[in-house]
Amino acid sequence: MSEDIKHECGLAYIRLRKPFSFYQQKYGAVTYGLNKLYLLMEKQHNRGQDGAGIAAVKLNVEPGNPFLHRMRSCAPQPIADIFFKIGQEIAELEKYQPDIKQHPGLMKGHLPFLGELLLGHLRYGTQGKNNAEFCHPFIKRDLMPGKNLALAGNFNMVNTDELFDLINMAPGDFQKQSDLAAMMEVFHHFLSKADEEHPNAADIIHVLKKATPLFDGGYSIGALLGNGHSFVMRDAHGIRPAYYYINDEVIVAASERAAIRTTFNVGENEVMELMPGTALIVDDTGNYRIEQILEPKERRACSFERIYFSRGSDEKIYRERIALGHHLSQTVLDRINYDLKNTIFSYIPNTAEVAFYGLVKGMEEYLNKIKVERILSWGNDFTPEKLEEMVTRKIRQEKIAIKDVKLRTFITEDANRNEMVQHVYDVTYGTVRRNEDTLVVIDDSIVRGTTLKESIIRMLARLQPKKIIVVSSAPQIRYPDCYGIDMSKLGDFIAFRAAIALLKERNMEHVITDIQEKIKELQRNNQLHTENMVRHIYKPFTTLEISDKIAQLITPSELNIDVEVIYQTIEDLHDSCPTNTGDWYFTGNYPTAGGNRVVNKAFLNYMEGKNVRGY
Ligand SMILES: NC(=O)CC[C@H](N)C(=O)O
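As the structure is a prediction and not an experimental result, all values here were calculated from the model. The numbers attached to residues start from 1 for each chain and follow its sequence in the written order. pLDDT decides what is reported in this predicted model: residues at 70 or higher carry local features, side-chain atom pairs at 80 or more are listed and counted, and totals for whole chains, interfaces and linings draw on all residues regardless. Excluded from the side-chain calculation are hydrogens and water; included are all heavy atoms of the structure.

**With respect to the sheet that holds strand E8 (residues 230–234)**
Paired strands are those between which DSSP finds at least two bridges. For the purposes of this entry, the term helix denotes a DSSP run of H or I that reaches at least four residues, the term strand denotes a run of E that reaches at least two, and both are numbered from the N terminus. The sheet built from six strands is open, its strands ordered E5-E6-E7-E8-E12-E13 with antiparallel pairing. The sheet is open, and its two borders are formed by strand E5 (138–140) and strand E13 (288–292), each paired with just one other strand. Averaged over all adjacent pairs, the angle separating strand axes in this sheet is 15°, with direction ignored. Bridge analysis of strand E6 (residues 149–157) against strand E7 (residues 217–225) gives nine bridges, and the strand direction is antiparallel. Each residue of the ladder has a partner; that of Asn156, found in E7, is Gly218. Helix-sheet contacts for helix H7 (residues 179–197) involve E5, E6, E7 and E8, and the interaxial angle to E6 is about 130°. Strands in contact with helix H8 (residues 204–211) are E7, E8, strand E12 (278–282) and E13; relative to E12, the strand with the most contacts, it is inclined by about 150°. In this description, a line fitted to the C-alpha atoms serves as the axis of each element, helices being fitted only across the stretch in contact, and the angle between N-to-C directions of two axes falls anywhere from 0 to 180 degrees. Should any heavy atoms of two residues lie within 4.5 Å, those residues are considered in contact.

**Examining the environment of Tyr13**
Following the sequence through the fold, Tyr13 ends up in strand E1 (residues 10–16). Relative accessible area decides the class of each residue, using a 1.4 Å probe on protein chains only: under 20% of the type maximum gives buried, over 50% gives exposed, and in between gives partly exposed. Exposure remark for Tyr13: the relative accessible area of 1% places this residue in the buried category. Those residues within four positions of Tyr13 in sequence are excluded, and the remaining contacts are Leu40, Leu118, Leu119, Leu224, Ser230, Val232, Ile251, Val252, Ala253 and Val282. Two N or O atoms form a polar contact when they lie within 3.5 Å of each other; inside protein one atom must be a possible hydrogen donor and the other a possible acceptor, and for residues adjacent in sequence the pair counts only when both atoms belong to side chains. Polar contacts involving the side chain of Tyr13 include one to the side chain of Ser230, which spans 2.6 Å.

**Focus: the site of the ligand**
One heavy atom suffices: a residue is near a molecule or strand as soon as one of its heavy atoms comes within 4 Å of it. As a structural note, the neighbourhood of the ligand is formed by Cys9, Arg123, Tyr124, Gly125, Thr126, Gln127, His136, Asn154, Phe155, Asn156, Asp179 and Gly484. Measuring from an oxygen atom of the ligand, one finds a side-chain N or O atom of His136 at 2.8 Å. For the ligand, whose accessible area on its own is 300 Å², the fraction buried by protein is 99%. Taken together, the residues of the shell around the ligand break down into three nonpolar, seven polar and two charged. Where accessible areas are quoted, they stem from the Shrake-Rupley method and a 1.4 Å probe; at the residue level, only the protein chains shown are allowed to cover. When residues are grouped by polarity, Ala, Val, Leu, Ile, Met, Phe, Trp, Tyr, Cys and Pro land in nonpolar, Asp, Glu, Lys and Arg in charged, and all others, Gly among them, in polar.

**Things to note about the pattern of salt bridges**
Should their charged atoms come close, side chains of opposite charge can pair. Here, a salt bridge means any Lys or Arg side-chain nitrogen found within 4 Å of an Asp or Glu carboxyl oxygen. On inspection of all chains with the given rule, the structure shows 32 salt bridges. Arg335 is paired through a salt bridge with Glu564; the nearest N and O atoms lie 2.9 Å apart. Of this pair, Arg335 sits in helix H12 (residues 329–335) while Glu564 sits in strand E20 (residues 562–567), placing them 229 residues apart in sequence. Judged by its relative accessible area of 23%, Arg335 is partly exposed.

**Some thoughts on the domain arrangement of the protein**
All domain edges in this entry derive from an automatic or database-based domain assignment. Partitioning the protein into structural domains gives domain 1 (10–299) and domain 2 (308–607). For domain 1 and domain 2, the distance between their C-alpha centres works out to 37 Å. With 23 residues of domain 1 at the contact, the number on the domain 2 side is 22 residues. The term buried area means the drop in 1.4 Å probe accessible area that two parts suffer when joined, counted for both and summed. Between domain 1 and domain 2, the buried area comes to about 1,800 Å², and carbon and sulfur atoms account for 43% of it.

**Structural notes on the pairing of strand E9 (residues 243–246)**
Regular strands have side chains that alternate between both faces of the sheet. Note that E9 and strand E10 (residues 250–254) share four bridges and pair antiparallel. Paired with Tyr243 across the strands is Ala254, a residue of E10. Two successive antiparallel strands, E9 and E10, enclose a turn made up of three residues. With two bridges joining them, E9 and strand E11 (residues 272–273) adopt antiparallel strand pairing. When the sheet's bridge partners are listed, Tyr244 is paired in E11 with Met272.

**Section: the state of the cysteines**
Any two cysteine sulfur atoms within 2.5 Å of one another count as a disulfide. With the rule as written, the count across this model stands at zero disulfides. Of all cysteine sulfurs in the structure, the one in Cys135 sits closest to Cys74, which takes part in no disulfide; the separation is 4.0 Å. Classification of Cys74 as partly exposed rests on a relative accessible area of 32%.

**Notes on the packing of H7 against H8**
One way to put it is that H7 packs onto H8 with a least axis distance of 9 Å and a crossing angle of 140°. What the angle tells us is that H7 and H8 run oblique. As for how H7 packs across H8, the hand of that crossing is right-handed. Of the residues in H8, those in contact with Val186, Phe187, Phe190, Leu191 and Ala194 of H7 are His206, Val207, Leu208, Lys210 and Ala211. These descriptions rest on fixed angle ranges, namely under 35 degrees for roughly parallel, over 145 for roughly antiparallel, 65 to 115 for roughly perpendicular, and the rest for oblique. Here a crossing is called left-handed whenever its near helix is offset anticlockwise from the far helix by less than a right angle, and right-handed whenever the offset is clockwise.

**Considerations on helix H17 (residues 494–505)**
To estimate how far a helix should reach, multiply one less than its number of residues by 1.5 Å. A rise of 1.5 Å per residue sets the reference length of H17, with its twelve residues, at 16 Å; its end C-alpha atoms lie 16 Å apart and thus fit the reference within 8%. Tucked inside the fold, the buried residues of H17 contact helix H18 (509–524), helix H19 (535–538), helix H20 (543–553), E20 and helix H23 (593–607). Downstream of H17 by a residue or two, Asn507 has a phi angle that is positive, lying close to 55°.

**Some words on the packing of aromatic side chains**
Ring geometry is summarised as follows: Phe, Tyr and Trp rings, the Trp one being its six-membered ring, pair when their centres sit within 6.5 Å, and such pairs are stacked at plane angles under 30 degrees, edge-to-face over 60 and tilted between the two. This model, assessed by the stated rule, comprises 25 aromatic pairs. Geometrically, the ring pair formed by Phe187 and Phe231 is tilted, given 5.6 Å between the ring centres and 55° between the ring planes. Of this pair, Phe187 sits in helix H7 while Phe231 sits in strand E8, placing them 44 residues apart in sequence. Across the pair, Phe231 and Phe187 agree in class, each one buried. One aromatic cluster is present, formed by Phe304, Tyr308, Phe309, Tyr483, Trp584, Tyr585 and Phe586 through successive ring pairs. Positioned above the aromatic ring of Phe264, the side-chain terminus of Lys36 is 5.3 Å from the ring centre. A ring has a charge above it when a Lys NZ or an Arg CZ is no more than 6 Å from the ring centre and no more than 35 degrees off the ring normal.

**Examining the sheet that holds strand E4 (residues 117–123)**
Sheet architecture is open: seven strands sit in the order E3-E2-E4-E1-E10-E9-E11, paired in antiparallel fashion. What marks the edges here is a single partner per strand, and that holds for strand E3 (68–73) and E11. Sheet strands in contact with helix H3 (residues 78–96) are strand E2 (51–57), E3 and E4, and its direction is about 40° off that of E2.

Next comes the structure, spelled out in C-alpha cells:
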C-alpha cells in the first residue's frame, strides 16, 4: 500500500470458563487469559495504531472490592506498553512473595487485570481525537455491579448527535465528539432500566433489542458487565467483521479469524463467523448463546477488509487477494500488447504482494498457453536449443519498489521538501532496460495518489522505463466511508479530483454547482439521506476516462514518461471476494440511510473548503 488508509479498529474478547487454578495446572500459567489476550491483540495490531486499551472484570468478588479495571495507552507501541505495565505489576508482587504465581486465588486478589472476562481494543480513531481519553474501552461505573459497563468496538456511527437526543440526554463537550460515548449512553440507558426491573440480572437480549435498532452505522462491539455477563454483537448488514471460537475452557471473539486461529492454534472451521445482526451472549456462569437481535439485512460486509485491512494470513483472504490480482491479468496483457519480453512486473510493498502473485499467475497461464501453441506448431522442426529457449521463458518479476523507514523530514515547507518526500520509497537499480521495458506495478488501492506522485512514480522514472503502468487491485475510490474507515473527505480522493478536473476541462462546471444547489435543497427539506447526489459528478464519464485523468494527475509535470493506470472492475471485485459485497466507497451504494447524508455533506464541505468529516 503506497499510502495509509487508516485501518479499522480491532476487537479482542476472552471469557475464561474455568477457575484460574485450572489454567495454572494445565498450562503452568495463572495469567493464561492475559497472555492470550496479548497475543490476540498483537496479531491484530495492524487494525489500529492510534492507541490500545483493555478492561477486565473479576467474578465473585466480595462486596467492597474492585471488580472492573481498565487501562489505555497511546504510547508509540500501545499494546506492548499496556502489557509491560501488567508485567511490572506481577514483578512487583513477586518481589515480596516470590511464589505467588503458584497461588491463583492470591494472584486474583492482588493483580487488577487478572479477571475472567477480558476485553481488548486497538484503535484508529474516526471520531474525536487520537489521544488516550478516546481510546476504548469506555467504562461506566455504578454502585450496582450489573450497571457497570466496559464497551469497545470497531465501528463508526453516522447518527451520533441523534443518539443522544433519542435518550433525551444533553451530551457534554467530550461526549459530543465520540460515537463510542453515544453508544455507551444508549446501552447504559436501557441497561439501567432493565437492571431496575431485575436487580443485577438485567436481560441482555432485551437491552440489545432496545438499543441496537437506534444505531446507524457499521459495528462490531464487545461489552463486559460488572456482574459477569458479557456480549459481542455485529451490525445487521455485517459491515464490520466479527469471529468467535468456543471450547470448554474459553470463549473468544475477535475482528479477524486468523488472529483467533493463531492465538489458540485451531482450524479454519473451528472459528465461526458471528453472523449479521446476531450477538454472542455469555452469562455469569460461562454459558453462552448466539441470539438474533436484529433482523439480518442485505449482507454488505466491507470489501476493504479483504483487499487490504485484514491480515493476508487468513486462508480465504489470501485466496481472494490472489483472485484480485488474477482478474487484472487480462486487462494488463491487453495494455502491454502481450509483449511479455519487454515487461517487468512488480508491486508496491508490502500489502499488495499477494495480489501481485495472482497477477503473475495470470501472466504465467497466458505464457504457458503460448508455449504449448508454439511448440505444437513446430511439428518436428526444432532443435534442443530452440525448445529450451521456449520452455525456459519466464514472466519477468523483480522487487523494484522498496519501502524505506519513515523519513521524518526536518524540512517541511520549502522547495527541498519534494526532493525529500520522494525518498519514502527507493528502487532497485539495474533491473530495467532503459526505454525498452514497460514497468507494471500493482498496489492494493489508490486513495489520494500523493505518495504515488511524489515518491513512487518519480523513483520508478529514475530507472527510465518506456512506460509505467500502475495497477490497482481495488476499484476507483469515489465516495467517503462512514462505517469505520477514516476516509471521509471527498477532496482527498484522486478519483473525485479527476472527475472535477474533467468537468472543468469540458466546460461542464455547471454540473458541480447544480449538485451543490440540489444538495442544499435536500438539506433544507431534511432529505439529505434520500439520494447520493455525488454520483452525478462521475456520471458524464466512463471509468476509463477517469482512470486516464488519474494517470495524468499522478504524473509529476517535469517527468517525460508515459504513465497509465488500470483499476479493478466492480464485477471482478465481487467475483474475487464473494462474501464481502460492501462496496459503497466504489459505487456510492450505502447500506444505511445515514450514508447518503454523509456523502452529500462531504460534498458541501468540499465546496465550502471545510476540511472536516462528513459525519
Ligand atoms: N475505526 C474504528 O472502528 C473507530 C471506532 C470509533 N468510531 C472511534 O473513533 O473511536
